[in-house]
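The lines below spell out each chain.
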Amino acid sequence: MLVRTELMPSSKPEPVMIRVYTPVGHAVVVWRGEPNEAAGRHFIEWTVGEDILWGVNTRPALLAEPGVWEEAGRVVLRGRLELVEEPVAVLAVGDSQVLLEVGSPPPPDNIDGTWVEISLAVETVELYPYSL
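Everything numeric here is computed off the predicted structure, so don't read it as measured data. (Residues numbered from 1 in each chain as written. Predicted model: local features only at pLDDT ≥ 70, side-chain atom pairs only at ≥ 80, totals over all residues. Heavy atoms only, no water.)

Draft legend 1. Seen up close, the layout of surface pockets. Of the voids in this model, the largest pocket is the one considered here, and its volume is about 190 Å³. Taken together, Leu83, Glu85, Glu86, Pro87, Val88, Val102, Gly103, Pro106, Pro107, Pro108 and Asp109 form the lining of the largest pocket. Here the residues of the lining of the largest pocket sort into seven nonpolar, one polar and three charged. (1 Å grid on protein atoms, 1.4 Å probe; cavity = no way out; pocket = protein on both sides within 12 Å on 5 of 7 lines; lining within 4 Å. Points joined across faces, edges and corners; volume = space filled by probe spheres on them. Nonpolar A, V, L, I, M, F, W, Y, C, P; charged D, E, K, R; others polar.)

This is the structure in structure tokens:
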């Protein structure tokens, strides 16, 4: 996914926080590239360090469209959920795929391929830049 990033002011050197502007929304997340390259345009890969917990941080989406935003101090990712192999799932957010681990309680059996929203702690959502 091609995004635009902007460095967030901070009194701490780590973690480097950025605001990421994607084609489907924006949010503040952790930058895992070179700190001096944090601001700009990048192809990125999402990494989420929090399990999806059905009914806790994951719920069915009211809209069937991808999205990225902040809500109540958390990052929300909305996309189509594919259950790959226990305990792994993939969330398709726009033209990007986010690999996730499924915790307990697991999603219902009929949730595969449906739209969900996952609410995550800001410090668990990281972006890694890569070159094509």
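Draft legend 2. Structural view of the nonpolar core. Val29, Trp46, Leu77, Leu81, Leu91, Leu100 and Leu127 are the most contacted members of the largest nonpolar core, which totals 34 residues. Broken down by secondary-structure element, the contributors of at least two residues to this core are β2 (16-22), β3 (25-31), β4 (40-48), β7 (74-85), β8 (88-93), β9 (96-101), β10 (115-121) and β11 (125-130). Here the element with the most residues in this core is β3; it accounts for five residues. Contacts of Leu81, omitting those with residues within four sequence positions, involve Ile52, Ala89, Val90, Leu91, Leu100, Ile111, Asp112, Gly113, Thr114 and Val116. (Core = buried A, V, L, I, M, F, W, Y, C linked by side-chain atoms within 4.5 Å. Buried < 20%, exposed > 50% of the residue type's maximum accessible area, 1.4 Å probe, protein only. Helix = DSSP H or I, 4+ residues; strand = E, 2+ residues; numbered from the N terminus. Contact = heavy atoms within 4.5 Å.)

Draft legend 3. Seen up close, the side chain of Thr58. Structurally, Thr58 can be placed in strand β5 (residues 58-60). Thr58 gets classed as buried once you look at its relative accessible area, which sits at 2%. At 2.9 Å, the side chain of Thr58 forms a polar contact with the side chain of Asn57. With residues near it in sequence (within four places) discarded, Thr58 still touches Ile52, Leu53, Val116, Glu117 and Ile118. (Polar contact = N/O pair within 3.5 Å; in protein donor to acceptor, adjacent residues only side chain to side chain.)

Function cannot be inferred from these measures alone, as they are strictly geometric.
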